[in-house]
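Fold and contact review
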Amino acid sequence: MTQDELKALVGRAALQHVVPGSVVGVGTGSTVNHFIDALATMKDRIAGAVSSSVASTERLRRYGIPVFDSQDVQGLPVYVDGADEIDGRGHMIKGGGAALTREKIVADLAERFVCIADESKLVKTLGAYPLPVEVIAMAAAQVARRFAEQGGSATLRPGVLTDNGHPILDVRGLVIADPVALEAEVNQWPGVVTVGIFARHRADVCLLGTPSGVRTIDF
């Protein structure tokens, strides 16, 4: 199976975690696009969605799925999103699609985080994938120097601004042995909007696409 076919597989499998009649939290990215396509087949059985990006919102609305503002809901039973990396404890690196801040906001509303990914995303230790960090523009160089002190090399992602209007630093060369601690530390640095470590908002379950089918990992 191709990587795209694996993504479609887990996108369809995530429908089993959607609560009928509820508002569904929807993430961002190529794997989530397959979930949105699948969600359209049951759009009459859900109340709508809260989306983590402009791109996902547009895709949902093209299918006629109502999209609610995050401020209009008090909670969500489930949030479905992908990951750039996920470890054996459900900690993730996210932000390859530049939606990390809004993804954390929607994830924070949800009782359950369902990660959908192909098997290449499962790793023993986070860090091989460049760590995205959304920053205030004037702090970019300062934040990059802080990462250099920790052995990381941070570069601005060229030509990219988030839906919030901020640049993203991609940090290479890190071995993230303690995701919880690093997330807490980086989030305190002046000028950091969000770091793309999802440890506090880790996955509760991962639906992993493999050539033999969907592997379910509970954390």
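Above this text you will find the structure in question.
Here's a quick rundown of the structure. All residue numbers refer to position in the chain's written sequence, counted from 1. In view of the model being predicted, local features appear only for residues whose pLDDT reaches at least 70, and side-chain atom pairs are presented and counted only at 80 or more, with totals across whole chains, interfaces and linings using the full set of residues. Side-chain numbers come from the whole structure's heavy atoms, not from hydrogens or water.

A tally of regular secondary structure across the protein gives six helices and 14 strands. Taking 219 residues into account, the globule formula puts the C-alpha radius of gyration at 17 Å, and the protein, at 17 Å, falls close to it. With the C-alpha coordinates aligned to their principal axes, the bounding extent of the protein is approximately 50 × 40 × 30 Å. Only protein chains enter the calculation, and the probe is 1.4 Å; a residue is then buried if its accessible area is under 20% of its type maximum, exposed if over 50%, and partly exposed in between. Within the protein, buried positions represent 54% of all 219 residues. Note on contacts: a residue pair qualifies if any of its non-hydrogen atoms lie within 4.5 Å across the two residues. In the protein, 72% of the contacts between residues at least 6 apart in sequence involve partners at least 24 apart. Accessible areas in this description were obtained via Shrake-Rupley with a 1.4 Å probe; residue shielding takes into account the shown protein chains only. Carbon and sulfur atoms make up 50% of the accessible area of the protein, which totals about 9,800 Å². For this count, His and the chain ends are skipped, Lys and Arg are scored as positive, and Asp and Glu as negative. The location of each charge is read from NZ of Lys, CZ of Arg, CG of Asp or CD of Glu. Between the averaged position of the 21 positive side-chain charges in the protein and that of its 25 negative side-chain charges there is a distance of 2 Å. Helical segments are the DSSP runs of H or I of at least four residues, strand segments are the runs of E of at least two, and each set is numbered from the N terminus. Radius of gyration: C-alpha atoms only; globule rule: 2.2 Å multiplied by the number of residues to the exponent 0.38.

A few words on the sheet that holds strand S6 (residues 92–93). Taken together, the three strands give an open sheet; going across it, the order is S5-S6-S12, and neighbouring strands pair in antiparallel fashion. Pairing within the sheet leaves two strands with one partner each, and these edge strands are strand S5 (85–86) and strand S12 (197–198). Paired strands are those between which DSSP finds at least two bridges. Taken together, the two bridges between S5 and S6 define a ladder with antiparallel strand orientation. Across the sheet, the residue bridging to Glu85 is Ile93, located in S6.

Let's shift gears to the sheet that holds strand S11 (residues 192–195). For sheets, the rule is that strands pair by backbone hydrogen bonds, running either parallel or antiparallel. Reading across from one edge, S9-S10-S8-S11 is the order of the four strands in this open sheet, with antiparallel pairing throughout. Bordering the open sheet on either side are strand S9 (153–156) and S11, each of which pairs with just one other strand. Here the average twist between neighbouring strands, direction ignored, is 30 degrees. Note that S9 and strand S10 (residues 168–172) share four bridges and pair antiparallel. If you follow Leu156 over to S10, its bridge partner there is Leu169. Along the sheet face, helix H4 (residues 100–109) touches strand S8 (131–135), S10 and S11 and points at about 70 degrees away from the line of S11. In this analysis an axis means a line fitted to C-alpha atoms, helices contributing only their contacting stretch, and an angle means the value between N-to-C directions, from 0 to 180 degrees.

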